[in-house]
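Results of the structural survey
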Amino acid sequence: MKAGAACAVRGIHKRYGAAVALDGVSIDVAAGEIHALVGENGAGKSTLGKIVAGAVAPDAGEIVVDGERVTYRSPRDAIRYGIGLIEQEFALAPDLSVLDNVFLGVELGGRGLVDRARQRERFAELAERIGFRERSSVPVRTLRTADQQKVEILRALVRETRLIVMDEPTAALTRDEADRLLEITRELRDDGVTVIYVSHVLGDVLALADTVTVLKDGRHVKTASAREETTDSLVTAMLGRSLDVAFPERTPPPPDAPVVLSVRGLSRPPAFDDVSFEVRAGEIVGLAGLVGSGRTEIARAIFGADPAAGEVAIEGRELRGRSPRGSIRSGLALLPESRKDQGLVMVRPLSENVTMAHLGVVSRRGVLQRRREQRVVRDTLRSVDARHASQSQPVSSLSGGNQQKAALAKWLVRTPRLLLADEPTRGIDVGAKRAIYDLIRNLAADGLGVLLISSELGEVLGLSHRVIALRAGRVAGEYDGETVDEETVMRAVFGSG
Amino acid sequence: MADGRVATVRGRVAAGPLASVSGGLDFLREYMIVVCVLALFLVLTFTSDTFLTTTNLLNVLQQVAPVGLVAFALTFLLIVGEFDLSSGALFVLTGVLAAKLQPHLGTWPALLIAAMAALAGGVINGLLVAYARINSFVCTLATSLMVAGLSNVITKGFLVTVNAPGFFALGSNELLGVKYSIWILVVAALLCGFVLSRTKFGRWLYAVGGNPEAARLSGINVRAMKVWAFAFSGLAAGIGGAIVVSRTATGQAGNGIDIVFGAFAAVVVGGTSVMGGRGAIWRTMLGIIFLALITNGFNLLQVEPVYQSIIQGAIILTAVAIDSLSRRAS
């Protein structure tokens, strides 16, 4: 085993469209240490890990490995420097055997032949080291998640990886499996491998890491020895997210406003379990939580997009046999997490996207009334102020912000009772963000209930009348949106204090 | 048409070198078929004396009627994001069944029942794809084999000929000097075009093919749309098969199964996307005419027919390449 690699990044910048993921970050990772990257959602920790491993190319800045400045054109280049990445989604060939996956691309043997005996020997050695007990001949897809992850680790070891980046490695594991992974990671470190450990499980980070770096809004906050930190001190360092947008005035719903949405004991393990809450007319309720806390899954279950146990009632009437179709009839609207994959039909014209969910409004006996449709589309797009050259332009030719407004307009052809807004401002510029905030506010002021989901805590706090904190699929706290501070919610979602 | 406006708007909005390439490709994708049909028409008019005669043109239309019907249905399927290989086999089954049943039931009941059998085959394909979630290509390949086998069982490998004089009516009779089959083709084109561009049903087809998840989250019954499209494909194969068997008065297993390839060629040459969500009936109509003109031209100019399939293949590749490149550029 070669010695671990030391790695440094200098002035790394990375943008995704209008969103800045990393803004001039520099850190030093010493050879043979476990260096944890922590931060809120969207702080840039995963992006930084992927840049080190060559899976994402930075816009600017340099990467230094063992004192030598490197540039990668692909993850393959990073592998040559001894750097490997273990992502949340594994990069395994599911139908190949464990052995074939481990040696994929670096098969032992010469002249185009594979020396299986030598491979098995080497495999046994490594498997012993990390405690992998499954047979090497079974297809990878038959293994449990934790074992698949071990295959990923074996794969890195076979390549003589000297620095492993692990991105949220415990996210899909049970507690026992996670503890075992922490042990393995420590053993790797003791063998001299450097580990960059990206995680939001602060307890694990403190138990495992030698050094912790806190990121916030794509900037470096501090790097310190893990021994000197506590969950409290880490959460405090993540706080004070700078708000780049001003939020519109909150008009609280009248005290006697009726309940529009009532959720009782909604469960879909392991995503979320026994979730109950209410949303009143005119009220914006924010769901705050980390990635994987079940936010999106809850919204989808309410809408009937995924099956779930428990009760959902709209204005007191329980929805039975939940389906998107039935939910829409009952007055629910879902502005989904990804407008491109779930909200819009990108190859179709703007007008068709707007009327798609409410064709009954613009047709008679199944035949479309084109004039009426044009009018409805014009009025609806005007109400959300979506800039467009023509109703018949493909929706893909609009800017991100205007696409999002179109995705929202789709639900305003017929006014819903409750809007489930999942990441309504993801990847759009500051001006469009403010416009979306105003729209959501105004809809609520008109008596609509809104369930707001966002990775940006500032957005949840800035818009919501009430905030529900989620941790690991359960309600961890409920707060008044006007008075609660960021720290309280952060402690609830991170489970500290 | 609506599609045309889309192209010009995109061209105008486009900026920068990559975008203008995409604009150019889009223009090609949108209008190439129109230009090609016009050009070929003019060339044939000037190079052949017999081309621009009523007899020749009606003859061409009459020949393409069955493949045209199958192609319309395939247009629906590609738009909804699926494919049907089995319409050739269902087309053959219809002919065989009708020829076999005619002596027992009489002409019209025999044709009707045979076409309904094809419709039933389409519904079964639809249910298998939509509910059992079998890949449509694999599913219809398998059912195609089964249906072709069934045709063989029915005929026991023999030619089934019909001698009843009234049997020729559907394929050979005329209304106002034009064969029934051409009227059926024209009415079907108008009807299908109307359904796709002017009805809720058509919109749903485009939405499902363009983005099934977005369609589902908009309350559209994605599975039902797929079953409808497959059912239509079966029905179209049935009507096409009925027309042909009535014209030839013979049912023969294995003869005509390749109609699905001609239909598919017409659809993609017309500019309907193989990736779903984009396409139109007028495109398929032009695609059919284009391929028919090539065949007709080869015959009139006495070119060796062996070159036809080579040229057809090249044309299909070109059409699909343009579609794929225009998607990537945008």
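Treat the numbers as computed from the prediction; the structure is a model and nothing was measured. (Residues numbered from 1 in each chain as written. Chains lettered and ligands numbered in written order. Predicted model: local features only at pLDDT ≥ 70, side-chain atom pairs only at ≥ 80, totals over all residues.)

A word on the pairing of strand S19 (residues 418–422) of chain A. All names here are of chain A. In terms of burial, S19 is largely enclosed, as five of its five residues are buried. Here S19 shows a buried face lined by Leu418, Leu420 and Asp422 and a second buried face lined by Leu419 and Ala421. Judged from the four bridges that link them, strand S16 (residues 332–335) and S19 form a sheet pairing that is parallel. Bridged to Ala333 within S19 is Leu419. Where S19 meets strand S20 (residues 449–453), five bridges bridge the pair, whose relative direction is parallel. When the bridges of S20 are listed, Ala421 appears paired with Leu452. Considered for its hand, the β-α-β crossover made up of S19, helix H15 (residues 430–445) and S20 is right-handed. (Buried ≥ 20, exposed ≤ 12 C-beta atoms within 10 Å, placed from the backbone. Helix = DSSP H or I, 4+ residues; strand = E, 2+ residues; numbered from the N terminus. Pairing = 2+ DSSP bridges. Right-handed = clockwise from strand over helix to strand, strands pointing away.)

Let's shift gears to the interface of chain B and chain A. Contacts between the two partners involve 25 residues from chain B, matched on the other side by 30 residues from chain A. Elements with a minimum of two residues in the side of chain B that touches chain A: helix H1 (2–13), helix H9 (200–210) and helix H10 (212–217) of chain B. Broken down by class, the residue content of the side of chain B that touches chain A amounts to nine nonpolar, eight polar and eight charged. (Contact = placed C-beta atoms within 7 Å. Nonpolar A, V, L, I, M, F, W, Y, C, P; charged D, E, K, R; others polar.)

Moving on to the domain arrangement of chain A. All names here are of chain A. The domain boundaries assigned to chain A delineate domain 1 (7–238), domain 2 (242–344 + 416–497) and domain 3 (345–409). The C-alpha-based centres of domain 2 and domain 3 are spaced at 25 Å. Between domain 2 and domain 3, the residue contacts involve 14 residues of the former and 14 residues of the latter. Where the side of domain 2 that touches domain 3 is concerned, the elements lending two or more residues are helix H11 (339–343) and H15. When the residues that make up the side of domain 2 that touches domain 3 are grouped by side-chain class, the tally is nine nonpolar, two polar and three charged. (Domains from an automatic or database assignment.)

In this section: the confidence of the model for chain B. Residue and element names in this part refer to chain B. When pLDDT is averaged along chain B, the result is 85; 91% of the residues meet or exceed 70. Note that pLDDT drops below 50 for residues 1–20; the model gives that stretch 36 contacts with residues more than four away or on any other chain. In the model output, the complex is listed with pTM 0.78 alongside ipTM 0.82. (pLDDT = per-residue confidence, 0-100.)

Further remarks concern the sheet that holds S20(A). All names here are of chain A. Spatially, the six strands line up as an open sheet ordered S16-S19-S20-S13-S21-S22, and their pairing is mixed. In this open sheet, the two edge strands, each paired with only one partner strand, are S16 and strand S22 (474–480). Put simply, the sheet's adjacent strands are angled 20° from each other on average, direction ignored. Across the sheet, helix H17 (residues 486–494) lies against strand S13 (284–288), strand S21 (466–471) and S22, angled at about 30° from S21, the strand it touches most. (Axes fitted to C-alpha atoms, helices over the stretch in contact; angles between N-to-C directions.)

Right, let's talk about the sheet that holds strand S1 (residues 7–16) of chain A for a bit. Residues and elements named next belong to chain A. Strand order across the open sheet formed by four strands is S2-S1-S4-S5, with antiparallel pairing between neighbours. Among the strands making up the open sheet, the edge pair consists of strand S2 (19–29) and strand S5 (68–70). Strand-to-strand twist across the sheet, computed as the mean angle between neighbouring axes with direction ignored, equals 25°. Across five bridges, the pairing between S1 and strand S4 (residues 60–65) is antiparallel.

Counting 238 residues, the largest nonpolar core has A:Leu420, A:Ile440, A:Leu451, A:Leu452 and B:Val70 as its most contacted members. For A:Ile440, the contacting residues outside a window of four places in its chain are A:Ile284, A:Ala421, A:Pro424, A:Val450, A:Leu452 and A:Leu463. (Core = buried A, V, L, I, M, F, W, Y, C linked by C-beta atoms within 7 Å.)

Residues and elements named next belong to chain A. In contact at an axis separation of 9 Å, helix H13 (residues 370–384) and helix H14 (residues 400–409) are set at 120° when each is read in the N-to-C sense. Taken together, the axes of H13 and H14 lie oblique to each other. Here the hand of the crossing between H13 and H14 comes out right-handed. Taking contact as the criterion, the partners of Thr380, Leu381 and Val384 in H13 are, on H14, Lys405, Leu408 and Ala409. (Parallel < 35°, antiparallel > 145°, perpendicular 65-115°, else oblique. Left-handed = near helix turned anticlockwise from the far one by under 90°.)

When you tally the buried positions in H9(B), you get nine out of eleven residues, the bulk of the element. Buried within H9(B) are the following residues: B:Gly202, B:Arg203, B:Trp204, B:Leu205, B:Tyr206, B:Ala207, B:Val208, B:Gly209 and B:Gly210. Against helix H12 (350–355) of chain A together with helix H3 (54–79), helix H8 (180–198), H10 and helix H11 (222–248) of chain B lie the buried residues of H9(B).

Within the secondary structure layout, A:Glu177 lies in helix H6 (residues 175–190). Residues A:Glu177 and A:Asp147 lie 30 residues apart in sequence; the distance between their C-alpha atoms is 9.2 Å.

The next thing to look at is H3(B). At B:Ala65, H3(B) shows its largest bend, some 50°, and a proline, B:Pro66, comes one to four positions later. Phi turns positive, to about 90°, at B:Gly81, one or two residues after H3(B). (Bend = angle between axes of the 7 residues up to and from the residue.)

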